[in-house]
Amino acid sequence: MANQFDPFAPPSTAPLPSSTAATSSSSSNPFDAAFTPTPENNSASNNNSNNNNNNNWHMNILSSNSAVWKSVNNSVLSLSTTLQQQQQDASSSLSSRHSHHQHAPIRIVPYEGPIATLSSQWDGHLYAALHHTHDGSSSNSNNNNNDVLWKHDGNFMTHLIITVNESCIPHGGLESVLKWNKARGNELNEVNVNSLTLNNSDGTTSSADCQSGSSSGFGNTNSNNDNNTSGDNSKNKAPGGGGGFNRFIKSNLKKAQGAIERGVTTMAIRADGGKNRDWVCVALLYNYNQNSNEANDAMTTATLGGVNQNNNATTSLRGSVVVGGGVQQNNVQEVCLSRTEWVQLPSSSAEEGKQQLHEGMTFHIPLCVPDLDFLSTNDDVNNSGGSGARLTVRMYIRSGAALLNIVKREYVIGECSIQYCNIANMYSSSVNLPVTSGMLSERMPPAALKVKAARRIKFTPPCSMGWSLTDPIFTLPADGWLRMFQMPLDQAYVFPLLNHHQLLTAHGLPCGSPNPSSSGTAILLANERAVESALTLPIAAAVSQMMAEAAKQSALIAGVAAKRAFKRESIRCYDMPINDEMRANAIAEAAMKDGCADVQFGVVALMLESGAVGPPVSGMMLFQRCDSIFEESLVNSFSLPMVDKTGGAAMLQNPASLVEAISKRFCPRVYSGDLEQDGGDALLPGVVGTSQHGYVGSIRLAVSTSLGSLSADAAFGMGGGITSIECVVPLEAYLNPSTQRSGKVSVFAPAIDANTGKVIGKFLCLLRVKTMLNNTNRSMDTALDASAGLISVVGLNTLTEEMGMAYQLDNRTMVNPGVRQRQVATMGGFLTSSYLKYHAEQRAKDLSVLTDRFEKYNNAVMSALPSDITAGESESDVPLFKRRTPRPFRPSNSRGDALLAGIGFNVHVQSMTLNILQDGQEGIPASITSSVTHGAPADHARGFGVYGNEDNESTVEIAKGGLRRLELARLEYAREVDANITGLINAVGEYFNMRAHASAARQKAGLKNSRHVPTTIQACNYYRNRMLESMQRLHSLTWEVSLRRVNCFSQALGIAVTSYLASLSDGGPAWKFANVWAKHGYLITFEGLLSAVGKELGMIEDAYTAIEMLRMVNVKLIPADNNVASNSLRERIPVVNSPFVRSVCLQRQAASNGLGTDTQYKLEIALDPSYFQKRIPAPLKETSISFVPVLFQMGVDIRQWGANAGRNVSSQIKDRTKAAGGVSGVDDCCADVEVNNEPVCGLIDDGDDDDESGVADTEILVTLNLEGYRKLNVYAHMINPTSASPSSVSTLSLEQMQALPVHPLLSLLNDAVRTSAGKMEHGVLDHAATACQTLDLEGAAPCFARAGKTVQAQFLQRFVDKKDGDVQLSFDEVFAKSTLMRIHGTRVPICEKNAGESKYAFNPLQAKFMPEALKPPPIALAGFLKKPET
């Protein structure tokens, strides 16, 4: 059944889809144009059978009092009032002429140039849609009265397909026209293209003037194509004052100028000598001299949008171009409504040219006729509307001489007229219009134009050819979809079909001449459309919802970690003031409530057992935590007196007189010994079970004296020639609340020689420990599930778990830790409380951003619901490319807007529908191709520069670039952490080895060995400081990468879902390849034209990771629950503006092992039950389909050219290094790539303002394309195995993928990729697209920055040139068609949507460095001083 839409296979006969909405049918054929699934319980009162009114998500939405479009409707009211005021101020005769009009006039946009604009694309339809909404009501009668403005479901315009016979081709070109005029002694007829618009310089013309060759009546022209809007105001001057003399001077100057220009023209034509062929085109005009005054007044009002010279009111309908701009002119005589493209005259020498001369010419761009029913008059009121209106079809010629390319002066060579009412007869059969005026009217056989009419299809009815499941609803009233969407962009192209074309034979159509190389009467009508996707915003809302929940978990994790670190560092965090006892008591009270102890410890003296008493000694006071082997300093240095036994006894006899040499008050944390109660902080081995009232740690005193020999500690910084004496005071014995006292108690701590382990005296100390009652039984902050946090949800691991960081931030709890993990667990934390506090605050801010984003996205989605639920934000007076409220279309100009960071840039479903038209036959739907065009999924809002901690006074450079580069930097940081922790473990081990002698002596003396490392060990301090810095950098970058992944993935998912659902539409590949998708996944091919320099390099890096994340997605189509509207809106995101897609729901599927890299997403898309049952292939119903994304990238601009030139210099240096025996640094994956050595040239800066220096990654394009090829190669072997294909392709490792034989269908792609280094090899993208089509995978999506016109032109040429043998595509033909589309097609208006200007974002200099196949036409290029937005 899917073969019906194969462009090379004869389809079953089916009529061309009607322009009216399809009606319900019981047919089960999913490609039957008359089939439309009827939603269950559909309201009979709804005129649109495609709306499901039993679901309040799809109600007729918002009255004209909507807040969003209130200003627009008010403008329409103001415009109507203005029109009424004009009518009241006009003369009575003019009022009588207007009195019979039955409805408001429509908006007519005069032709302004070959490049399509949003004004020419939209204004007429917007005017009609808003007038209908304003004038109509919910009653059927009122709606019917206003259907005159919105007929045929909005398709109320007509295309006229123009073919001219051989006599219309002036042999000899413009030179023959000049000779014809000279022979008659008349002045040459000439007109400038810009004079076709409304301005005072337009003169009057008549058929008689054309026939006689008189130049009188033709408007002013100029050689520079300047738009002359000044007009001739001489008629308004008062008599006298030299007015007549001035006119005399001007008239003579004008004649002299005209004579000079004609002379230059003649010389240029003679100098060219016929080397360059001339050009002709056909225009459709409304001539005021051929119509009634009544119709002329109505046409003036329609073309000016209801604005006269005394009223500056405008109506901003599109938001980017003011509708109705301009002032009413007094001397307007004609209005150009439409033009064909300029076609080069056939060569009269070549055989092919002679054949074309014999057959005539068909213009590829049809004329567009607006709805002119409003021009009805009293004389024809009983006839069809507008029957009295007469239109002029005029043919122009211009010189192809090189010297006249800039001037582009145009000359009228013939014209004829057509009655507007007769156009309706041209739908069924073509009409020959004889040329009645001008040079061509004298040709024999008579010159004539063959005209055939076809409906202009801007709005495709649902479930018909060209419609996509992602298309929004475009039905009246227009308030609902105008709130969210812009109208489709469309353009038709016409090509004659060769007589032998197999589709003609398959349908039994006459083939005309037996000559297989000549054209018959059949023509191919290609309709190009670009429609915004209804899924991008709901998908972005669903991603934001899921990520906001994950960010909330991460914020809680960071908050708990910060609290735990604060308690762990309670000694430093609860720092006691020395001279403010009241404040110190308050701090101690708070610390005890937080699970800490209030410890006051003082040292009086060192009492020696024997020996002489010396001077005071220098000492240190340190704290040994029970959860870390590293000591903390309490007092760095103090002086302690020494006394003998007698002096010590005397001091003890009078305790009140004891004077402390040093006293320290601090608040250590009290641990319970229970891992859960302690928040995951484990105590040192051997500590648990030694106390009944909790665990705090010990105080160590260390003093230095010259009483002994050199100790072991001397080597580690204690100094030489002295002996270290120390004591340890455990605090656990004083935690019993029942034995705690308000005052200090005396403590005699044994003074031990650190070298020998002998007791040589006692330290006289005073101690007080205070805790809160039952404090140790209070539960601590429990560790949260890190697998539900943002880092894990976006598919990342912390990279620290394998290094033993089991209890750090965002880590999982290890069940069976190894030796390394147990070693690291004894070293405490490596994230400081100050950093964690800052990081927790940063996460809270980011959570607020994501939460606010979801709320605003959700409100925007719901804004199409009734106004009592929510209302959107009005931006009706803001230009389209500057709008910043969430909408499905996001302009590229909004790159820096953080709110819109989750919505894909510039997403459109670009389709081209082919239909065969022939006289007396119904149109035949022949084929369709579609793709998704969009901007690169990149996080411009976060930039591509340097990231650092804001709390640092000097920002520490962390990393820069896009996701791919940041994630590589993250791996480097992880390796740095691993190296530092290895160094720390070795330093600790070395210290304990050095202390082995002292430890043995202490053990022999019956003393307990210390398990702590002093603060004076320099090696340990070095690695600890490096660990703190590297861990903070790793965690900061991990969080940054997570946020970028959120934004980029949200954009990529909306694009992927749009591609998938578009493939399910009529003509799509779903019915043919559903089994393949269900088994192997849905292939999405992304193609881009970004250069690997500056910002664009960062965009490539972001897009690469975002596209890779699509592999984590499984999408399932399900029937919608009729009661889903009553469920919580936070569970499912409604798709309000789609006729059949009801809602989307995105959920995370955590991996069983808890690893973030194994995270999967389940996306459920609920469809209308009737549509789901009748139009979804069985293999795809409620089946999880995985995405198989593949990326191909090739830079083609001047920056890439400069990067390639620099690369070739590096390649030459590397080659010389190899020749000298050096080592090359080329990546292994590129080792088999051929290097193309182009000439070295200087770089040219195009002024792009980057966040970073313009450093180029010259290898990334080859690397990415090789990776894309290998993935596509695996997929090709899976779906189309060969004898060389392995039995299980899907389970291949990366090394096995590289060794997989090249699939025969991908050999050209493989060759193009491997020879693309250092070149702008556009063939990589061409071969990638061709390979996907060869694999019969039409779901491929040529995407960001990809010149989609090339793909469409190839598709069109492949169809037109279909022969019995192989298809040979001519580069010249493809290039000609793509150029035609780049000028007249939808791409340029999309540029205007994005940047406010209908130009491509390349200047002429940049275009010179682009591949020939991709160069935009000069007329569509931006200037050298292009806008920043472009």
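You'll find the structure just up there.
Anyway, here's the lowdown on the structure attached to this text. (Residues numbered from 1 in each chain as written. Predicted model: local features only at pLDDT ≥ 70, side-chain atom pairs only at ≥ 80, totals over all residues. Heavy atoms only, no water.)

A few points about the pattern of salt bridges
Stated formally: Criterion for a salt bridge: a side-chain nitrogen of Lys or Arg within 4 Å of a carboxyl oxygen of Asp or Glu. Helix and strand definitions follow DSSP, with helices as H or I runs of at least four residues and strands as E runs of at least two, each counted in order from the N terminus. The rule is simple: take the accessible area with a 1.4 Å probe, protein chains only, and divide by the maximum for that residue type; under 20% is buried, over 50% is exposed, in between is partly exposed.
Inspection of every chain in the model, using the stated rule, returns 35 salt bridges. Where Arg700 meets Glu631, a salt bridge forms, and the shortest distance between an N and an O atom there is 2.6 Å. Taken together, the positions of Arg700 in strand β18 (residues 697-705) and Glu631 in the loop between β14 (617-625) and β15 (632-640) put the pair 69 residues apart, joining distant regions of the chain. Each member of the pair, Arg700 as well as Glu631, is classed as buried. Between Arg1142 and Asp1168 there is a salt bridge, and its shortest N-O distance comes to 3.0 Å. Taken together, the residues Arg1142 in strand β27 (residues 1141-1149) and Asp1168 in the loop between β28 (1160-1167) and α24 (1169-1175) connect sequence positions 26 residues apart. Taken as a pair, Arg1142 and Asp1168 share a single burial class, namely buried.

A word on the packing of helix α12 (residues 536-568) against helix α21 (residues 1018-1063)
For the record, the criterion: Every axis in this analysis is a line fitted to C-alpha atoms, fitted for helices over the stretch in contact. Angles between the N-to-C directions lie between 0 and 180 degrees. Angles are sorted into four bins: roughly parallel if under 35 degrees, roughly antiparallel if over 145, roughly perpendicular if 65 to 115, and oblique for all others. In a left-handed crossing the near helix is turned counterclockwise from the far helix by less than a right angle, and in a right-handed crossing that turn is clockwise. We call two residues in contact whenever any of their non-hydrogen atoms come within 4.5 Å of each other. Following the grouping adopted for this structure description, the nonpolar residues are Ala, Val, Leu, Ile, Met, Phe, Trp, Tyr, Cys and Pro, the charged ones are Asp, Glu, Lys and Arg, and the polar ones are all others, Gly among them.
α21 packs onto α12 with a crossing angle of 155 degrees between their chain directions and a minimal axis gap of 8 Å. The angle between the axes of α12 and α21 places the two elements in the roughly antiparallel class. Between α12 and α21 lies a crossing of right-handed hand. Facing Thr536, Ile539, Ala540, Val543, Met547 and Ser554 of α12, the residues of α21 in contact are Trp1039, Val1046, Phe1049, Ser1050, Leu1053, Gly1054, Val1057 and Thr1058. Split into classes, the residues belonging to the contact of α12 with α21 amount to nine nonpolar, five polar and no charged.

Digging into the pairing of strand β13 (residues 598-608)
Spelled out, the test is: At least two bridges found by DSSP between two strands are what make those strands a pair.
Most of β13 sits out of view: eleven of its eleven residues are buried. Examined bridge by bridge, β13 and strand β21 (residues 759-770) share ten bridges and lie antiparallel to one another. Note that in β21 the partner of Gln600 across the bridge is Arg768. Relative to strand β17 (residues 662-666), β13 is paired through five bridges, and the arrangement is antiparallel. In the sheet register, Gly602 faces β17, and the bridge partner there is Ser663. The pairing of β13 with strand β16 (residues 642-643) spans two bridges and is parallel. By the bridge assignment for β16, Met607 is matched with Val643.

Observations concerning the nonpolar core
We count it as follows: Joining through side-chain atoms within 4.5 Å is the link that ties buried Ala, Val, Leu, Ile, Met, Phe, Trp, Tyr and Cys residues into a set, and such a set is a nonpolar core.
Grouped together as the largest cluster of nonpolar side chains are 248 residues, with contacts concentrated most on Leu1053 and Tyr1060. With residues up to four places along the chain from it excluded, the contact list for Tyr1060 reads Trp1077, Tyr1082, Val1115, Leu1117, Leu1180, Ile1185 and Phe1187. Counting residues in each nonpolar core, the second largest holds 34 residues, with Val599, Val617, Leu701 and Cys765 among its members.

Side note on the environment of Cys368
Looking at the element boundaries, Cys368 is found in strand β6 (residues 367-369). Residues Cys368 and Thr158 lie 210 residues apart in sequence; the distance between their C-alpha atoms is 5.7 Å. With residues up to four places along the chain from it excluded, the contact list for Cys368 reads Met157, Thr158, His159, Leu284, Leu337, Ser338 and Arg456.

With respect to helix α14 (residues 581-593)
This is how the line gets drawn: One less than the residue count of a helix, multiplied by 1.5 Å, gives the span that helix is expected to have. Comment: arc refers to directions from the helix axis out to C-beta atoms.
Here α14 is 13 residues long and its end C-alpha atoms lie 18 Å apart, about the 18 Å a rise of 1.5 Å per residue gives. If you check which residues of α14 are buried, you get Ala584, Ile587, Ala588, Ala591 and Met592. With its buried residues spanning 135 degrees around the axis, α14 presents them on a single face. The exposed set on the far side of α14, more than 90 degrees from its buried face, consists of Met582, Arg583 and Lys593. On its buried face, α14 sits against β13, β17 and β21. Where α14 ends, the next residue or the one after it, Gly595, has phi of about 95 degrees, a positive value.

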